[in-house]
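# Structural characterization, general
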Amino acid sequence: MTVIITLILLATTAWGLERNHRRQPYQRPSLNGSTDVHDRDAERVRAELRGAADWAEPRPLGVPVVNDHATSNQGSR
């Protein structure tokens, strides 16, 4: 008896889903939402990588390295 009720329930569920699927007025795209949005995280990561690449470039010999953090902390002691 339980098997018959389960089969009837599964059959009516499948029929209802198929019926609702056929009644859609138009085919919906597979991805919903807009695609012209700027990905700010990707832009931020690119900017950080550019900055890291600029920082990692070797400096010519004889050019002093300026360390703003070391000089600003000395005045606060």
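Residues numbered from 1 in each chain as written. Predicted model: local features only at pLDDT ≥ 70, side-chain atom pairs only at ≥ 80, totals over all residues. Heavy atoms only, no water.

## Description of the overall build of the protein
Our working definition: Going along the chain from the N terminus, every DSSP run of H or I of four or more residues is numbered as a helix, and every run of E of two or more is numbered as a strand. Using a 1.4 Å probe on the protein chains alone, a residue whose accessible area is under 20% of its type maximum counts as buried, one over 50% counts as exposed, and one in between counts as partly exposed. Throughout, the Shrake-Rupley method with a 1.4 Å probe supplies accessible areas, and for residues the shown protein chains are the sole cover considered.
Summing up its helical and strand segments, the protein has 3 helices and 0 strands in all. Secondary structure of the protein in N-to-C order comes out as α-α-α. Out of the 77 residues in the protein, the part that is buried amounts to 1%. When the accessible surface of the protein is totalled, it reaches about 8,000 Å², and 59% of it is carbon and sulfur.

## Description of a nonpolar patch on the surface
Note the threshold: Residues forming no salt bridge and having over 30% relative accessible area are the ones grouped into patches, like charges within 9 Å of each other and nonpolar side chains (Val, Leu, Ile, Met, Phe, Trp, Tyr) within 5 Å. Salt-bridge detection follows one rule: a side-chain nitrogen of Lys or Arg within 4 Å of a carboxyl oxygen of Asp or Glu.
On the surface, a nonpolar cluster with roughly 320 Å² of combined accessible area is contributed by Val-3, Leu-7 and Leu-10. Along the chain, Leu-10 falls in helix α1 (residues 2-22).

## Details of the pattern of salt bridges
For the structure shown, the criterion picks out 2 salt bridges. Residue Arg-44 pairs with Glu-48 through a salt bridge whose shortest N-O separation is 3.1 Å. Of this pair, Arg-44 and Glu-48 both sit in helix α2 (residues 40-56), 4 residues apart, which is roughly one turn of that helix. Among the residues examined, Arg-44 registers a relative accessible area of 42% and is labelled partly exposed.

## Some points on the confidence of the model for the protein
Keep this limit in mind: Note: pLDDT gives the predictor's confidence per residue, expressed from 0 to 100.
Looking at the protein as a whole, its pLDDT mean stands at 76, while 58% of the residues score no less than 70. Mean pLDDT across the elements of the protein bottoms out in helix α3 (residues 68-74) (55) and peaks in α1 (93).

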